[in-house]
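# Remarks on the overall topology
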2 protein chains.
Amino acid sequence: MNDFPDEDALVKEIARHFLPSRESKLRLGIGDDAALWRPHPGFESVLTSDWFLEGSHFLREKHPPDSVGWKCLVRAASDISAMGGTPRCFLLNLALPAVATGKWLKGFLVGLRRAAKSLDCILAGGDTTRSDRILISITVLGEIREGQEVLRSGARSGDLLYVSGTLGAAECGLRFLRKSAGRANLKNAAVRKHLYPEPRVELGRWLAEKKLATAMMDISDGLSTDLPRLCAASGVGALVEPERLPVPRGLDRQSALRLALHGGDDYELLFSVSPRRVSLLPEKFRGLRLTKIGEFAAGRGVRIIGKNGKPETLRAAGWDPFRQKSR
Amino acid sequence: MNDFPDEDALVKEIARHFLPSRESKLRLGIGDDAALWRPHPGFESVLTSDWFLEGSHFLREKHPPDSVGWKCLVRAASDISAMGGTPRCFLLNLALPAVATGKWLKGFLVGLRRAAKSLDCILAGGDTTRSDRILISITVLGEIREGQEVLRSGARSGDLLYVSGTLGAAECGLRFLRKSAGRANLKNAAVRKHLYPEPRVELGRWLAEKKLATAMMDISDGLSTDLPRLCAASGVGALVEPERLPVPRGLDRQSALRLALHGGDDYELLFSVSPRRVSLLPEKFRGLRLTKIGEFAAGRGVRIIGKNGKPETLRAAGWDPFRQKSR
């Protein structure tokens, strides 16, 4: 059993990994009752909060601690980029068992710091407590220029449906990880995508600035779960063309398609583009493929072109913590 | 076993309890990837995040669900008022077992809504997931006029040490609650203080506006744990006069004193006042007693006048989740 640090010592250990930068809109960070954050004039704050729980969102024996640190911040930041915003600072609520306050915590903080640095997103505060499992709750505050936000509700009938990157790769990586004994094989691209996903911050901001996306969200629970949410918010339906889906490589067609439709944790952007503006959209944005996978239509519900060439209802089979027991 | 709602249904149930008001700086609330919040020009955002976990911070069989809802928001809001700020909106991360999604959730939301209304603090978003225990993580965003914030670091040697209200009452209430069988006795003022604490938002804001407090924090872990934190941040020591402490009524002197020194969960404000400004401080602020309990001194550490009239070291024995197993 590790020696147990008191709360103040634990906060100091966390703070040590996140030294404040000199130039910052974070006027006051860790160590007081609350943090102070001053956005630019003309900019709006964007707020999001995410769970990342041992047993539900990660497995201590399968996920390296630095992946847990990286991913818990990246997935919350991904929500900010799905609005077209830029993540700026975050609050970390961390509950730990005694055995995780040593080596595990160090690894976690290394991954978290790497994500924070990569996103240029500053630790502003949070709360620590003891628990029998590792519990993580992250809040990210971002900012966005006034009037530039892209909501889920802006898609119109006739708009084209796009995704960034590949769908299903992270889920594919999770399956490799579960099957493999011992340490994660980081040479496998799908495993890397599952452990260290890259949020699409620059793409989201660019789509918002150029006013190319009429609606946008990130795919965290799988296309078949998330697309109906975007459709419901916009009051439109959608038709997906399965042969266009950017599926993971090296799998049979059927498995690849299932993963692309229902796999979670990709943190790719799903967005709608008006046909009048679509010529302004490149095939790739800084090396990242942008793929048209269907279009929006009048009515409700999401359909997909079936084997016989006719549209069928697409059933949600992505990840919903209240449907599946754990992943 | 309750029928389990899916995540979207659970979010709708939560949203139903928190209808947005028409006039609001919350430009976008629940239902998109993130919330949008626009503070006034000249005002700063204040951020805080708190755990509230079953088994650590509350007991499902002892604490009524509406108290859990009330308290989880109030204790985070208390951190905002300890800066002199005003809570404005919050994010709720909620993880629930199936059995708590019915009646327990309704009761919880009623208490949470009551706190939100009382604080004029709007639900802006959050995250829900399944868990075998109830886990709550709350982030509150507040605002404060630029330059008006009161930090922990502003106390100077010679400043007078003040607290609001009574110390130890909430801990006293917790003891009643633990001893009693069945439902909480709400006729007992100490039990009420434990279950439904009132954050000192107006007092905090007033002390900040009038520039009366040189340093301030809220007492959540007990005076003997929190005062050393304020002293360390300010680089000063303090001397507490035990006979001045505003202790709970109806207890023998020794028990009352122990509770006032070490009891947690009071959410009273602890603040320092310069001797030059102390004449501007009333004995009561809107009915709430303000009591001088000692003063700050050069050096380090917190001391208390002992039985023999001589200063002794005050040992921290408040609540620290990493020291005690649970409360």
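Residues numbered from 1 in each chain as written. Chains lettered and ligands numbered in written order. Predicted model: local features only at pLDDT ≥ 70, side-chain atom pairs only at ≥ 80, totals over all residues.

## Digging into the overall build of chain A
Of the regular secondary structure elements, chain A holds eight helices and 14 strands. Computed over the C-alpha atoms, the radius of gyration of chain A is 20 Å, within 12% of the 20 Å expected from 2.2 N^0.38 for a compact globule of 327 residues. Oriented by its inertia axes, the alpha-carbon framework of chain A measures out at about 65 × 50 × 35 Å. Relative to its 327 residues, chain A shows a buried fraction of 56%. Across chain A, every contact between residues at least 6 apart in sequence was considered, and the portion connecting residues at least 24 apart equals 83%. (Helix = DSSP H or I, 4+ residues; strand = E, 2+ residues; numbered from the N terminus. Rg over C-alpha atoms; globule rule 2.2 N^0.38 Å. Buried ≥ 20, exposed ≤ 12 C-beta atoms within 10 Å, placed from the backbone. Contact = placed C-beta atoms within 7 Å.)

## Some words on the sheet that holds strand β2 (residues 35–37) of chain A
In space, the six strands of this open sheet follow the order β1(A)-β2(A)-β3(B)-β6(B)-β4(B)-β5(B), with mixed pairing throughout. Every interior strand has two partners, whereas the edge strands, β1 (26–28) of chain A together with β5 (122–130) of chain B, have only one. Recorded for the sheet is a direction-independent mean angle of 25° between the axes of neighbouring strands. Inspection of the sheet shows strand β4 (residues 86–96) of chain B paired to strand β6 (residues 135–145) of chain B by nine bridges, in the antiparallel sense. Its bridge partner lying in β6 of chain B, proline 87 of chain B is registered against glycine 142 of chain B. (Pairing = 2+ DSSP bridges. Axes fitted to C-alpha atoms, helices over the stretch in contact; angles between N-to-C directions.)

## Thoughts on the nonpolar core
Leu73, Phe90 and Ala124 of chain A together with Leu73, Phe90, Ala124 and Met216 of chain B are the most contacted members of the largest nonpolar core, which has 199 residues in total. The residues touching leucine 73 of chain B, leaving out its near neighbours within four places in the chain, are Phe90, Leu112, Ala115, Ala116, Cys121 and Ile138 of chain B. (Core = buried A, V, L, I, M, F, W, Y, C linked by C-beta atoms within 7 Å.)

## Brief notes about the domain arrangement of chain A
Residue and element names in this part refer to chain A. Domain annotation for chain A reports domain 1 (8–145) and domain 2 (152–313). The gap between the C-alpha centroids of domain 1 and domain 2 is 26 Å. Each side of the interface is counted separately: domain 1 has 17 residues, and domain 2 has 19 residues. Counting only elements with at least two residues in the side of domain 1 that touches domain 2, the list comes to α2 (65–81) and β4 (86–96). Broken down by class, the residue content of the side of domain 1 that touches domain 2 amounts to seven nonpolar, six polar and four charged. (Domains from an automatic or database assignment. Nonpolar A, V, L, I, M, F, W, Y, C, P; charged D, E, K, R; others polar.)

## Considerations on the interface of chain A and chain B
Counting from both sides, the interface comprises 55 residues of chain A and, opposite them, 55 residues of chain B. Tallying contributions element by element places strand β3 (residues 43–53) of chain A first for the side of chain A that touches chain B, with nine residues. Across the side of chain A that touches chain B, the residue classes tally to 26 nonpolar, 13 polar and 16 charged. Taken together, the three bridges between β3 of chain A and strand β2 (residues 35–37) of chain B define a ladder with antiparallel strand orientation. Counterpart to leucine 47 of chain A in the pairing with β2 of chain B is alanine 35 of chain B.

## Section: the packing of helix α2 (residues 65–81) of chain B against helix α3 (residues 103–119) of chain B
Residues and elements named next belong to chain B. It is at 6 Å that the axes of α2 and α3 come closest, and there the two elements cross at 35°. Where α2 crosses over α3, the handedness of that crossing is right-handed. Here Pro65, Asp66, Ser67, Val68, Gly69, Trp70, Leu73, Val74 and Ala77 of α2 come into contact with α3, specifically with Trp104, Gly107, Phe108, Leu109, Val110, Gly111, Leu112, Arg114, Ala115, Ala116 and Leu119. For the contact of α2 with α3, the class distribution of residues is 14 nonpolar, four polar and two charged. (Left-handed = near helix turned anticlockwise from the far one by under 90°.)

## A closer look at the sheet that holds strand β5 (residues 122–130) of chain A
Hydrogen bonds between backbone groups are what pair the strands of a sheet, and the pairing can be parallel or antiparallel. Read across the sheet, six strands follow the order β5(A)-β4(A)-β6(A)-β3(A)-β2(B)-β1(B) without closing on themselves; strand pairing throughout is mixed. Edge positions in the sheet fall to β5 of chain A together with β1 (26–28) of chain B, since each of these pairs with one other strand and no more. Adjacent strand axes in the sheet meet at a mean angle of 25°, parallel and antiparallel pairs treated alike. α2 of chain A rests against β3, β4 and β6 (135–145) of chain A of the sheet, and its axis sits at about 35° to β6 of chain A.

## Describing the relation of the copies chain A and chain B
Superposition of the two copies of the chain requires a rotation about an axis together with a shift along that axis. With an axial shift of 0.0 Å and an RMSD of 0.0 Å, the rotation relating chain A to chain B amounts to 180°. What the rotation and shift describe, once combined, is the action of a two-fold rotation axis. Looking at the interface residues of chain A, 100% of them are also at the interface in chain B, so both copies use one shared face. (Least-squares fit on C-alpha atoms with pLDDT ≥ 70 in both.)

## A short note on the pairing of β5 of chain B
Residue and element names in this part refer to chain B. Counting buried positions over the nine residues of β5 gives nine, a clear majority of the element. Relative to β5, β4 runs parallel, the two being bridged by eight bridges. Paired with phenylalanine 90 across the bridge in β5 is leucine 123. A crossover links β4 with its parallel partner β5, the connecting element being α3, and its sense is right-handed. (Right-handed = clockwise from strand over helix to strand, strands pointing away.)

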